[in-house]
Structure formats: C-alpha cells, structure tokens
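Architecture at a glance
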Amino acid sequence: MERMTDKHGPRLDDAMNREVQSLIDGGVEARSQEGRMQEPTFDEETPLDPGARWDEDQDPGIGVSPATADERAELAKAVASVQWPATRDDLVRAARDDFAPDRVVALLEELPHGDRTYETVQAVWSALGGDTEQTHTQ
C-alpha cells in the first residue's frame, strides 16, 4: 500500500481510512434514504401561537400558575450572579448589584436573618412561601 502522507505512519493512515470508509461507501446511500423519508404531517386544526406558554394547559393540581412561574423567574434573574449556597445577605446583595426591581429586593429582605443558607432558587422561593409544582404521584 502506498503511503498517503509523510506526517504520520502507515498504521495511522489505515486507521484514518477505516474511520471515513463508511462515509465514503454509505454516504450516498444514507442521504438517498433520508431524502425518501416522509416528513411529519402538519395538523392544520391546531393553531400556532409562538407566544403561548407551554404550561397553560397543565393539570392545575401539578403545575403552578403562569403568574407564579413569572414571579419565580424574576426572582431567579435577580439572584443569577450569586454563588450558591447563599445566605440571605448574599441574595439581597446580588439582587441590588444586578439592579433588581425594588419589590424583588424587598421580598428577599423578608427572608430570616441568620446563618441559614439556601442551595437553589427553588429553596429561596419555598422559604418565601411561593407555590411550587407538585409531582404527578402526589
């Protein structure tokens, strides 16, 4: 076998040839089969609404309301720069540093003073008395 390059040895040349062989041999076959695959049909009865929330049709016993989800997301955005686990003071400082709305800072200031640390935004939200999703088995 004639060497293709002098940058590496014949063993590496052979290994590289084996790696691309399926692309060379099966490439045309695979592309032609893909072209014959039937695309999924579009259900014209279902109107498309790009602004619709995915959770609006959730079982009310499982999910949270869209307003609650938005409030929790705003809280998460306000403390995005904090290093977890975080204390109440860390959370308030991060919210102020990131120019969070005053009502979000005030909400964080309602957390109890002390050495308690919060592992996640969900833990902070729960400590503030916010609604959380329930599992489908509860």
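The structure reproduced in this document is the subject of the present report.

Analysis parameters
Residues numbered from 1 in each chain as written. Predicted model: local features only at pLDDT ≥ 70, side-chain atom pairs only at ≥ 80, totals over all residues. Heavy atoms only, no water. Core = buried A, V, L, I, M, F, W, Y, C linked by side-chain atoms within 4.5 Å. Buried < 20%, exposed > 50% of the residue type's maximum accessible area, 1.4 Å probe, protein only. Helix = DSSP H or I, 4+ residues; strand = E, 2+ residues; numbered from the N terminus. Salt bridge = Lys/Arg side-chain N within 4 Å of Asp/Glu carboxyl O.

Let us now look at the nonpolar core. A general feature of soluble globular proteins is that nonpolar side chains tend to end up buried together. Within the largest apolar cluster, 17 residues are counted, with the highest numbers of intra-cluster contacts made by Leu91, Leu108 and Val124. Within the residue set of this core, elements represented by two or more residues are α2 (66-78), α3 (88-97), α4 (102-109) and α5 (121-127). Per-element accounting of this core gives the leading share, four residues, to α3.

What follows concerns the pattern of salt bridges. Pairing between side chains becomes possible if they bear opposite charge and their charged atoms approach one another. Under the counting rule described, the total for this entry stands at four salt bridges. As a salt-bridge pair, aspartate 89 and arginine 88 come within 2.9 Å of each other at their nearest N and O atoms. The exposure class of aspartate 89 is partly exposed, given its relative accessible area of 41%. Using a relative accessible area of 9% as the deciding quantity, one classes arginine 88 as buried. In this structure, the salt-bridge partner of arginine 96 is glutamate 109, at a minimum N-O distance of 2.2 Å. You can see arginine 96 sitting in helix α3 and its partner glutamate 109 sitting in helix α4, a full 13 residues away along the chain. According to the relative accessible area criterion, arginine 96 is partly exposed, its value standing at 49%. What makes glutamate 109 partly exposed here is its relative accessible area of 33%.

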